[in-house]
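Breakdown of the fold
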Amino acid sequence: MRLTTLFQPKYAWAFAILLAGLLLLIGEIINDRFWMHDLEVYYKTAERMLRGSEIYRIASDGHYVYKYSPTAGLYFIPFTLVPFAAAKIVYWLLLVLLAIVVLHFLFQLAAPSDQKFTVRQKNTVLLLSFLAVGAHVHREWHLGQVNFVLLALYVVVVLLWKNNRPVAAGVVLAASIFIKPFGFILLPYLLLKKRFDMLASTATAIVLLGLLPFLFYPSAEAFAALYKGWLQELVLEMNAKQELLKSGNHTIFSVLARYTPIQYLLQSDAAIKVYQVVVLALIGGFVLYFVRAGEKLKNNFVSDVALLVALIPLFAVTSLNAFLFALPCMVVVLSNYAELNKVAKVLAVAGCVLVGINIRDLMGGDLYRLLESLSIYTLGTVALLGALTILRLRRSRHPRLAEMQPRRNKDLAGQFK
């Protein structure tokens, strides 16, 4: 491909993200904030695994201890080929490029016939989507975290699924589960869709990937101790989770209770467990309804997976950066914005704003903390899921309209006014 082919208006969104990533990198270095503490944890763990050393609860690590699976530590061995100072730059650039690649393929999945959209439309959709998760993505870059890597793996799973490569899709899903177990949310869906080939591939890959640490811990005792340490970390992590009614808990269980009189009924551990089971069952029913409504639609699994991935931060007490998992939902909704009714359009805009507006440098410390305590990221994600659901129902009732609508869109950029 010639350079003149790359420098075209249709790639303006990608160059904007690349430029932002480079400027932020330079700013971090100049301001002596180029920390990437999480990457340092992964880097040290990879070095220790190469030596066959202990990786959990190292006293000298202080607060920044490794708490992920042994297999995940192996993923970072390639970074140890260079000094950590260089590894930080490599990982930062990798995350920037992943942002561009993920957005590119998300748009292809959400709007497969690119010819139906003008250059301005595509630039608008992708730049607005990136801006809506920009604060969370920048935090990922700053700390060197893995949430965007996980999102990229989920997108790869969908791409492989679409290209009828179920075995490879299962392997990628299994690889993601060893980083963080969020990918388990897709397993019931695969069972519902009767994708036993992907389930079998995932299960087999989990076993094989789980045995990889044997390469560096060849004795049964050392291998068992490795997984014992991981299980202890999981127990500590679960015990450290925040209380249901604390403002820092952004799960749907907490937000629903805090925003309604339900909180007054949750006076015992038994009541809390019953409440969580009921809410989980209701969400499960909603997901089933959503999936069933789109059974006759082409490539329905794209929106299905977008919904499931967006649910991850609503189920798990995790970092705020995890709300970047709403990105697939954003791209699907915004790339089909003209097809939404007025209610869905309001929900889509409100969702993007709520997920992306709370930036400390923009809002100031006090307002930032207030908005965070109100769990606006959760409310924004729920709004986006509402817009996605309306889009799904509209398409299920008018499938021909869903195929014809993009051709009638003259200027998507103007539709956001």
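Residues numbered from 1 in each chain as written. Predicted model: local features only at pLDDT ≥ 70, side-chain atom pairs only at ≥ 80, totals over all residues. Heavy atoms only, no water.

What follows concerns the overall build of the chain. Across its full length, the chain carries 20 helices and zero strands. What you see for the chain is a C-alpha radius of gyration of 22 Å, in line with the 22 Å of a compact globule of 417 residues. Seen through its principal axes, the chain has C-alpha atoms that stretch 65 × 60 × 50 Å. Buried residues in the chain amount to 50% of all 417 residues. In the structure as shown, the chain presents an accessible area of about 20,100 Å², 66% of it carried by carbon and sulfur atoms. Distance between charge centres in the chain, computed from 40 positive and 23 negative side chains, equals 12 Å. (Helix = DSSP H or I, 4+ residues; strand = E, 2+ residues; numbered from the N terminus. Rg over C-alpha atoms; globule rule 2.2 N^0.38 Å. Buried < 20%, exposed > 50% of the residue type's maximum accessible area, 1.4 Å probe, protein only. Areas by Shrake-Rupley, 256 points an atom, 1.4 Å probe, with all protein chains shown as cover. Lys, Arg positive; Asp, Glu negative; His and termini not counted. Charge placed at Lys NZ, Arg CZ, Asp CG, Glu CD.)

We now examine the packing of aromatic side chains. Scanning the model with the defined rule gives 22 aromatic pairs in all. Ring centres 4.6 Å apart and planes at 25° place the aromatic pair Y42 and F76 in the stacked group. With Y42 in helix α3 (residues 37-51) and F76 in the loop between α4 (70-74) and α5 (84-110), this pair connects stretches of sequence that are 34 residues apart. For F76, a relative accessible area of 9% corresponds to the buried category. Both rings, one in Y154 and one in F325, keep their centres 6.0 Å apart while their planes meet at 45°; by these two values the pair is tilted. (Phe/Tyr/Trp six-rings, centres within 6.5 Å; stacked < 30°, edge-to-face > 60°.)

Quick look at the side chain of N123 now. Residue position: N123 is located in helix α6 (residues 119-143). For N123, a relative accessible area of 12% translates into the label buried. With residues up to four places along the chain from it excluded, the contact list for N123 reads P9, K10, A12 and W13. (Contact = heavy atoms within 4.5 Å.)

With that out of the way, let us pick up the pattern of salt bridges. Going through the model one piece at a time under the given rule, you end up with eight salt bridges. Salt-bridge contacts for K44 lead to E40; the nearest nitrogen and oxygen are separated by 3.6 Å. A residue pair is termed a helical-turn pair when its members lie 3 or 4 positions apart in one helix, as K44 and E40 do in helix α3 at four residues. Classification of K44 by relative accessible area gives partly exposed; the value is 31%. With a relative accessible area of 27%, E40 lands in the partly exposed category. In this structure, the salt-bridge partner of R195 is D197, at a minimum N-O distance of 3.0 Å. Residue D197 is classed as partly exposed on the basis of its relative accessible area of 34%. (Salt bridge = Lys/Arg side-chain N within 4 Å of Asp/Glu carboxyl O.)

Right, let's talk about the nonpolar core for a bit. Generally speaking, nonpolar side chains in soluble globular proteins are found buried as a group. Membership of the largest hydrophobic core comes to 129 residues, with the highest contact counts inside it found for Y91, F148, L311, F325 and L327. Sort the elements by how many residues they give to this core and α5 lands first, with 15 residues. Setting aside chain neighbours within four positions, we find L327 in contact with V102, L103, L106, S129, V133, F148 and L151. (Core = buried A, V, L, I, M, F, W, Y, C linked by side-chain atoms within 4.5 Å.)

Further remarks concern the side chain of S254. Considering the arrangement of structural elements, one finds S254 in helix α12 (residues 252-258). Judged by its relative accessible area of 0%, S254 is buried. In this structure the side chain of S254 is engaged in a polar contact, spanning 2.5 Å, whose partner is the backbone oxygen of L244. Engagement of the side chain of S254 in a polar contact is seen with the backbone oxygen of N249, the distance being 3.1 Å. Those residues in contact with S254 that lie beyond four places of it in its chain are L244, L245, K246 and N249. (Polar contact = N/O pair within 3.5 Å; in protein donor to acceptor, adjacent residues only side chain to side chain.)

As a further point, take the confidence of the model for the chain. Overall, the predicted model of the chain reaches an average pLDDT of 90, with 92% of residues at or above 70. Contacts of residues 404-413 to residues separated by more than four positions or lying in other chains number 23 contacts, the stretch itself having pLDDT below 50. (pLDDT = per-residue confidence, 0-100.)

Along the chain, R33 falls in the loop between α2 (12-30) and α3. Given a relative accessible area of 34%, R33 falls into the partly exposed group. Taking the C-alpha atoms as reference points, R33 and H142, 109 residues apart in sequence, are found 8.0 Å from one another. The residues contacting R33, other than those within four sequence positions of it, are E28 and H142.

Our focus in this paragraph is unusual backbone geometry. A positive phi angle, close to 50°, is found at M36, a residue other than glycine. Within the secondary structure, M36 is located in the loop between α2 and α3. Assessed through its relative accessible area of 0%, M36 is described here as buried. Unlike most non-glycine residues, N164 shows phi in positive territory, near 60°. With respect to the helices, strands and loops of the structure, N164 is situated in the loop between α7 (147-162) and α8 (166-179). When its relative accessible area of 58% is taken as the criterion, N164 is described as exposed.

It is worth spelling out α6 at this point. For α6, built from 25 residues, the straight-helix expectation of 36 Å at 1.5 Å per residue is met to within 8% by its first-to-last C-alpha distance of 34 Å. Approximately 65° is the largest bend angle found in α6, and it occurs at G134. After α6 finishes, the residue G144 shows a positive phi value of roughly 70°. (Expected span 1.5 Å × (residues − 1). Bend = angle between axes of the 7 residues up to and from the residue.)

Here D304 shows up in helix α14 (residues 300-315). By relative accessible area, which is 1% here, D304 ends up buried. Placed 93 residues apart in sequence, D304 and R397 show a C-alpha to C-alpha distance of 17 Å. Excluding anything up to four places from it in sequence, D304 contacts Y189, K193, F290, V291 and R392. A distance of 3.1 Å separates polar atoms of two side chains, one belonging to D304 and the other to R392.

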